[in-house]
Amino acid sequence: MAKPQVDYALYLVTDSTLGILGDRDLNGVVEASLKGGVTVVQLREKTGDTGQLVSKARELHQITRRYNVPLLINDRVDVALAVGCEGVHIGQDDMELAAARRLLGPDKIIGVTVSTVEEALRACEGGADYLGIGTVYATPTKTNTKEIIGAAGVRGILERIAEAGHNTQTVCIGGINESNLQRIMFQCHAAKKSLDGVAIVSAIMAAQDPEAAARKLVGLVRDPPPFV
Ligand code: TZP
Ligand code: MG
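Small disclaimer: the values here were computed from a predicted structure and weren't measured.

Q: An account of the pairing of strand β2 (residues 40-43) is needed here, citing residue identities and associated values.
A: Along β2, one buried face is formed by V40 and Q42 and the opposite face, lined by V41 and L43, is buried too. Pairing of strand β1 (residues 10-13) with β2, which is carried by 3 bridges, proceeds in the parallel orientation. The residue bridging Y11 from the neighbouring strand is V40, located in β2. Handedness of the crossover joining β2 and strand β3 (residues 71-74) through helix α2 (residues 50-66) is recorded here as right-handed.

Q: Break down unusual backbone geometry for me, citing the residues and quoting the values.
A: For the bond from G134 to T135, the omega torsion is 5°, close enough to zero to count as cis. Mapped onto the secondary structure, T135 falls in the loop between β6 (130-134) and α6 (150-163). At N68, a residue that is not glycine, the phi angle is positive and equals roughly 60°. For D75, which is not glycine, the phi torsion reads 75° and is therefore positive. Inspection of the secondary structure puts D75 in the loop between β3 and α3 (77-83).

Q: Lay out the site of ligand 1 in plain terms, naming residues and giving numbers.
A: In the vicinity of ligand 1 lie 15 residues, with T139, T141, G174, V201 and S202 positioned nearest. Looking at the shell around ligand 1, its residues break down into 6 nonpolar, 8 polar and 1 charged.

Q: Explain the sheet that holds strand β5 (residues 109-114) to me, and be specific about the residues and the numbers.
A: An order of β1-β2-β3-β4-β5-β6-β7-β8 is seen for the 8 strands of this closed barrel, with the pairing classed as parallel. With direction set aside, neighbouring strand axes in the sheet form an average angle of 25°. Sheet topology note: the β6/strand β7 (residues 169-173) ladder contains 5 bridges and is parallel. Bridge pairing links G134 to I173 in β7. The strands touched by α2 are β2 and β3; relative to β2, the strand with the most contacts, the crossing angle is about 175°.

Q: Could you give an account of the nonpolar core, naming the residues involved and the relevant values?
A: Core analysis: the largest hydrophobic core is formed by 68 residues, its most contacted members being L10, C172, V198, I200 and L217. Element by element, the count of residues in this core is highest for helix α9 (residues 210-222), at 5 residues.

Q: So what's going on with the pairing of β5? Residues and values would help.
A: In terms of burial, β5 is a largely internal element, 6 of the 6 residues being buried. As paired strands, strand β4 (residues 87-90) and β5 are joined by 4 bridges and run parallel to one another. Its bridge partner being in β5, G87 is matched across the sheet by I109. Taking the sense of rotation as the criterion, the β-α-β connection linking β4, helix α4 (residues 97-104) and β5 turns out right-handed. As defined by bridge partners, β5 adjoins β6 across 4 bridges and the pair is classed as parallel. Opposite V112, over in β6, you have L131 as the bridge partner. Handedness of the crossover joining β5 and β6 through helix α5 (residues 117-125) is recorded here as right-handed.

Q: So what about helix α1 (residues 26-36)? Which residues, and what values?
A: Turning to α1, its buried residues are V29, V30, E31, S33, L34 and G36. Looking at the buried residues of α1, the elements they touch are β1, β2, α2, α8 (202-205) and α9.

Q: Outline α2, listing residues and values.
A: For α2, which comprises 17 residues, the first-to-last C-alpha distance of 25 Å matches the rise-based estimate of 24 Å (1.5 Å per residue) to within 8%. Taken together, the buried positions of α2 are L53, K56, A57, L60, H61 and T64. Looking one or two places after α2, you find N68, whose phi comes out positive at around 60°.

Cut-offs applied
- All residue numbers refer to position in the chain's written sequence, counted from 1.
- Chains and ligands are labelled sequentially in the order written, the chains with letters from A and the ligands with numbers from 1.
- Where local features are concerned, this predicted model is filtered to residues with pLDDT of at least 70; where side-chain atom pairs are given and counted, the filter is 80 or more; whole-chain, interface and lining totals use all residues.
- Here the C-beta atoms are placed from the backbone, and a residue counts as buried if at least 20 other C-beta atoms lie within 10 Å of its own, exposed if 12 or fewer do, and partly exposed otherwise.
- The way it works is that DSSP assigns letters per residue, a run of H or I at least four long becomes a helix, a run of E at least two long becomes a strand, and they are numbered from the N terminus.
- Between any two strands, pairing holds if DSSP finds at least two bridges.
- Think of it like this: strands point away, you trace from the first strand over the helix to the second, and a clockwise trace means the crossover is right-handed.
- The criterion for a residue being near a molecule or strand is simple: its C-beta atom, placed using the backbone, must lie within 6 Å of it.
- Each residue is assigned to one class: nonpolar for Ala, Val, Leu, Ile, Met, Phe, Trp, Tyr, Cys and Pro, charged for Asp, Glu, Lys and Arg, and polar for all the others, Gly among them.
- Comment: axis = line fitted to C-alpha atoms, over the contacting stretch for helices; angle = value between 0 and 180 degrees taken between N-to-C directions.
- Contact between two residues is assigned when their C-beta atoms, built from the backbone, lie within 7 Å.
- In these notes, a nonpolar core means any group of buried Ala, Val, Leu, Ile, Met, Phe, Trp, Tyr and Cys residues linked to one another through C-beta atoms within 7 Å.
- By this rule the span expected of a helix is its residue count minus one, scaled by 1.5 Å.

Limitation: the analysis is restricted to geometry and does not speak to function.
Below, the structure written as structure tokens:
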């Protein structure tokens, strides 16, 4: 299948380790969020063995396909290949972009985490499909983040990649929720480039009603009321 046109508006990153799932299961929470309007899902599981990860990914892929939403695997090119899902998300300490591209081919989606202008330019030049820019705000969901860059840091990266002529798509990540989403989108808007969406863990995964949370969040991304 040729690389699909991806809508990055509301990008859900999963996490089953936070105790936020309670007695709910991952698949049920993800499916509810898809009903609410999530447009991309990343399976991010930092525990468990490879076999468990492959079967989780396979189950999730059956669900995301029904919603025509791409499933990306965090860190693990091998798992994405095994499952035949739409791509991967890699950080600066994971497999290098060129190697991931060689393994996955031109039609799979590869996203890269960046927190500096240099990392962003390198990822764009290397053919990343999108950048995950962050960490915007400190978040209990990921405590080992190297850089908290704030909205100003995101905007600086957008400005420089636009100046360099890259049209790589972008989302930002870290501490985004219903109350700050609009402000972050507004503050991260650069003259020639705005964000294509936001990536979120807890504001969806931990919500009592993930479907309603996703519906509200995607509405705020797509149709922001005038900023005051
Ligand atoms: N990368 C940078 S911050 C983060 C990741 C995976 C976690 C974001 O989680 P939350 O709950 O949306 O703040
Ligand atoms: Mg990683």
